[in-house]
Amino acid sequence: MADLDDVRQGKQYFAEIPMKSEPFYLKGANHYDWGMSNRLANIFNPASGRTLMLAIDHGYFQGPTTGLERVDLNIVPLLPHTDTLMLTRGILRSTIPPAYTKGVVLRASAGPSILKELSNEHLAMDMEDALRLNAAALAVQVFIGGEFETQSVNNLTRLIDMGNRYGIPVLAVTAVGKNMTRDARYFRLACRICAELGAAYVKTYYVPEGFESVTASCPVPIVMAGGKKIPELEALTMAWRAVQEGAAGVDMGRNIFQSDHPAAMIQAVSKVIHEDMKPQDALELYRTLKSETP
Ligand code: R5P
């Protein structure tokens, strides 16, 4: 029934308090539509403005990677400690409980296996399926300087056009070929190109010299890729430096799921990302958690 007999005059309008118009907390993201921003808020924790993405998409070109042989047993127990999961739609549908309500970033480019030229990728899913799976973002590999550079850039721009139509952000992943230089100059080039072409955020590798120039010259958030497994303290130090030098979090895989104790490691990385915990303290936390749950 309509509320006709209890109409109050003026009391609840708080006319003296102007409505706030808060800027969105992510770099370069002030002018997105609500759906795009809402999806990004399901990736980047609104409290810290950063994300711990757990990357488990490696199987899309290299099959059952060490540590990912049984996603149900090795990864599902880690889900409570993630902000976001980056994976393929096949693993999502087959193995991840739909009760997982944090952001899901789906791998949307594919083609060659490790046996072939990796830059020869094409788009590997359409927007309708991304919506069906409630994706928070789609990820596409971009091979700046690679053999199929133009093709991979075209994958990026087509995906961004499709994503913009439906409010789905695109994560550009800067892929580095075997013989390519990994320095700040290269990553400035690659990240800036991805942002200029419309990526909502960019994933790239950490470099010890000049990483802050990579983040500063990229007008959208950068997340650091983990790379090959290294000792825990080194991985925690790399993550700490990356966020101190402007990264909005990490997209880390092997350094978590190939750790001696993945559950302890992901919690230690989370403290580094969200609470600026120093690497040595995070290592102590890792050791304590590891000893408590062998
Ligand atoms: C490459 O296979 C994927 O894009 C991974 O998501 C990415 O390399 C991050 O995983 P990791 O930390 O193991 O390098």
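What counts as what
Residues numbered from 1 in each chain as written. Predicted model: local features only at pLDDT ≥ 70, side-chain atom pairs only at ≥ 80, totals over all residues. Heavy atoms only, no water. Axes fitted to C-alpha atoms, helices over the stretch in contact; angles between N-to-C directions. Helix = DSSP H or I, 4+ residues; strand = E, 2+ residues; numbered from the N terminus. Parallel < 35°, antiparallel > 145°, perpendicular 65-115°, else oblique. Left-handed = near helix turned anticlockwise from the far one by under 90°. Contact = heavy atoms within 4.5 Å. Near = heavy atom within 4 Å. Polar contact = N/O pair within 3.5 Å; in protein donor to acceptor, adjacent residues only side chain to side chain. Areas by Shrake-Rupley, 256 points an atom, 1.4 Å probe, with all protein chains shown as cover. Nonpolar A, V, L, I, M, F, W, Y, C, P; charged D, E, K, R; others polar. Buried < 20%, exposed > 50% of the residue type's maximum accessible area, 1.4 Å probe, protein only.

Description of the packing of helix α11 (residues 262–275) against helix α12 (residues 279–292)
It is the contact of α11 with α12, at a shortest axis distance of 8 Å, that shows an interaxial angle of 150 degrees. Taken together, the axes of α11 and α12 lie roughly antiparallel to each other. Two packed elements cross with a definite hand, and for α11 against α12 that hand is right-handed. Between α11, through Ala264, Met265, Gln267, Ala268, Lys271 and Val272, and α12, the contact on the second element is made entirely by Ala282, Leu285, Tyr286, Leu289 and Lys290.

As for the site of the ligand
In the vicinity of the ligand lie 13 residues, with Asp57, His58, Lys203, Gly253 and Arg254 positioned nearest. Take Lys203: an N or O atom from its side chain is 2.8 Å from an oxygen atom of the ligand. Compared with its free state, where it exposes 360 Å², the ligand has 96% of that area covered by protein. Taken together, the residues that form the shell around the ligand break down as four nonpolar, four polar and five charged.

Observations regarding the side chain of Arg50
On the secondary structure map, Arg50 appears in the loop between α1 (34–41) and β1 (51–55). Of the polar contacts made by the side chain of Arg50, one reaches the backbone oxygen of Ile273; its length is 2.8 Å. Leaving out residues up to four positions away in the same chain, Arg50 has contacts with Ile43, Phe44, Asn45, Asp83, Val243, Ala247, Ala248, Gly249, Val272, Ile273, His274 and Asp276.

Comments concerning unusual backbone geometry
A positive phi angle, near 45 degrees, is found at Phe14, a position not held by glycine. Residue position: Phe14 is located in the segment before α1. Phi at Asn134 is positive, roughly 60 degrees, even though this residue is not glycine. Classification of Asn134 as exposed rests on a relative accessible area of 59%.

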